[in-house]
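Results of the structural survey
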Amino acid sequence: MKTLTLIFAFILLPLTSMAQTGGDYLSQVTTAISNKNWDGAVELFSKAIKADAFKSEMYYLTQVDKSSAVCHRLAYQLASFYQKTRNYDKAFLFYKELTQLQPNNVKYLNGCAEMEVMRGKEENALRLYERALELDRDNLAANIFIGNYYYLEAEKEKQKIEKALESLFASNPDAGHLKKDEKTLLLGFLDKIKILDPA
């Protein structure tokens, strides 16, 4: 049994010592950036995030020149990581920074809008998706969100109007002479008005 344990120790010990830490990757990121090896820096930074997200975030915030060519790519790695790990507040912060670095990048606008939705801030998401649509009319995510948003808003307004009409019919004895078909016709007319003028 001791022999078997020693064999496993000799096999596993070198493997554990070969594993790099976040700090190891980050020092390699620094070298890659100084050599202007942007793709290498991004790949190493992605590995650093997986090894130690906090240290990688601090590195980005304190060591990365925000005017460098690779800055937005590193920020995107952090935003994507936090989005995948469902830390929507942090993901939002990095997507927000990305939209400030590149305000016309539809991918970053979509990411920021999606994080706003996940944080329960639909009106902010609406503005971001509308901006994305200004840049790309065929943006599927923006079109779906905006269509659903206005549909749900119209449904809420329809329910308010229906409640008001029900209240009017219930409290006004003169309204009682309206037949059920006339009430349905009136509600149908209100639906048509919303279709013609959703505002």
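To start, this report covers the structure provided alongside it. On a predicted model such as this, the values are computed, not experimentally measured, just so you know.

Observations regarding a nonpolar patch on the surface
- Taken together, Phe 54, Met 58 and Leu 61 make up a surface patch of nonpolar side chains, about 290 Å² in accessible area.
- One can find Leu 61 in helix α4 (residues 53–63).

A few points about the pattern of salt bridges
- Tallied over the full model, the rule gives seven salt bridges.
- Its salt-bridge partner being Arg 73, residue Asp 39 comes within 2.7 Å of it at the nearest N-O pair. Of the two residues, Asp 39 sits in helix α3 (residues 38–51) while Arg 73 sits in helix α5 (residues 71–84), which places them 34 residues apart along the sequence.
- On the basis of relative accessible area, Asp 39 is assigned to the exposed category, the value being 53%.
- Take Arg 73: its relative accessible area is 28%, and that puts it in the partly exposed class.
- Between Lys 156 and Glu 153 there is a salt bridge, with the nearest N and O atoms lying 3.2 Å from each other. Taken together, the residues span about one helical turn, with Lys 156 and Glu 153 both in helix α9 (residues 140–171) at a distance of three residues.
- On the basis of relative accessible area, Lys 156 is assigned to the partly exposed category, the value being 46%.
- Within this structure, Asp 89, Glu 116 and Arg 119 form a network of salt bridges that share partners.

What counts as what
Residues numbered from 1 in each chain as written. Predicted model: local features only at pLDDT ≥ 70, side-chain atom pairs only at ≥ 80, totals over all residues. Heavy atoms only, no water. Patch = residues over 30% accessible without salt bridge, like charges linked within 9 Å, V, L, I, M, F, W, Y side chains within 5 Å. Areas by Shrake-Rupley, 256 points an atom, 1.4 Å probe, with all protein chains shown as cover. Salt bridge = Lys/Arg side-chain N within 4 Å of Asp/Glu carboxyl O. Helix = DSSP H or I, 4+ residues; strand = E, 2+ residues; numbered from the N terminus. Buried < 20%, exposed > 50% of the residue type's maximum accessible area, 1.4 Å probe, protein only.

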